[in-house]
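Coordinate analysis (summary)
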Amino acid sequence: QKKKMISRNIITDILFIAMLVVLQVFIFNRIVIMDKYVPVLYLIFVMFYPFNRDRFQFLGLSFVLGLSIDLFAGTWGINACATVLVAYVRIQIFKTASDLDSDFFSFESLQWIQFLGFIFMNILMHQLLVQGIEYFKFSRLLEIIIDVLMTSLLSFVFIVFYVLIFKIKQKV
């Protein structure tokens, strides 16, 4: 028996974004590992937004999501920039992770390792952009790479838990 999913529309998308911003700002930003690394969960909106929906609406909503995070973090558009860029190349990331040349995109068609690769590539790209823009200096290159990897791994663990709990691979 197949469970009925909640219909996605612009209103539910905005509510989901608001919920993710609240969760990120008031819960996940307070989970600090080694006094430095914070999991980034709000990217689940970008990663798991239905592929068949309007692309311009998706990019606009991704911008709103990133800008909302920036407003609370005081980062002046860095998250908005990174979130929109990841949203823009998400299909290419999917194709890279899956080795599919098709224009039909479904997570059900992926093996678990491909699905996890898709998740990690999205997180890694986002973190490279955020930390690269925010902290870039050649003298800090190694530190930035370590920060990107640690934050990406931490975020990956939290997002995989989310995927397993809500059975995302089967729904999108």
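Here, the structure is the one placed above.
A brief look at the structure comes next. None of the values given here were measured: they were computed from a predicted structure. (Residues numbered from 1 in each chain as written. Predicted model: local features only at pLDDT ≥ 70, side-chain atom pairs only at ≥ 80, totals over all residues. Heavy atoms only, no water.)

Between its first and last C-alpha, helix H5 (residues 112-135) extends 34 Å over 24 residues, near the 34 Å set by a 1.5 Å rise per residue. Those residues of H5 lying buried are Gln114, Phe115, Phe118, Ile119, Asn122, Ile123, His126, Gln127, Val130 and Gln131. (Helix = DSSP H or I, 4+ residues; strand = E, 2+ residues; numbered from the N terminus. Expected span 1.5 Å × (residues − 1). Buried < 20%, exposed > 50% of the residue type's maximum accessible area, 1.4 Å probe, protein only.)

Here the focus is the packing of aromatic side chains. Applying the stated criterion to the full structure yields 17 aromatic pairs. Ring geometry for phenylalanine 51 and phenylalanine 107: centres 5.5 Å apart, planes at 55°, overall tilted. Highlighted residues: phenylalanine 51 in the loop between helix H2 (44-48) and helix H3 (55-73) and phenylalanine 107 in the loop between helix H4 (78-98) and H5, separated in sequence by 56 residues. By relative accessible area, phenylalanine 107 is classed as buried at 0%. Between phenylalanine 107 and phenylalanine 115, the ring centres sit 5.2 Å apart and the planes meet at 70°, which makes this aromatic pair edge-to-face. Three or more aromatic residues joined by ring pairs make a cluster, and in this case those are Phe48, Phe51, Phe94, Phe107, Trp112, Phe115 and Phe118. (Phe/Tyr/Trp six-rings, centres within 6.5 Å; stacked < 30°, edge-to-face > 60°.)

Attention shifts here to the side chain of histidine 126. Tracing the backbone shows histidine 126 in helix H5. Owing to a relative accessible area of 0%, histidine 126 belongs among the buried residues under this scheme. Ignoring sequence-local partners within four residues, the contact set of histidine 126 consists of Val40, Tyr42, Leu43, Asn79, Ala82, Thr83 and Val86. (Contact = heavy atoms within 4.5 Å.)

On the surface, a cluster of nonpolar side chains totalling about 770 Å² of accessible area is made up of Val22, Phe26, Ile27, Phe63, Val64, Leu67, Leu71 and Phe72. For the nonpolar patch, the secondary structure elements donating two or more residues are helix H1 (10-26) and H3. In terms of residue count, the dominant contributor to the nonpolar patch is H3 (5 residues). Structurally, the position occupied by phenylalanine 63 is in helix H3. Owing to a relative accessible area of 42%, phenylalanine 63 belongs among the partly exposed residues under this scheme. (Patch = residues over 30% accessible without salt bridge, like charges linked within 9 Å, V, L, I, M, F, W, Y side chains within 5 Å. Areas by Shrake-Rupley, 256 points an atom, 1.4 Å probe, with all protein chains shown as cover. Salt bridge = Lys/Arg side-chain N within 4 Å of Asp/Glu carboxyl O.)

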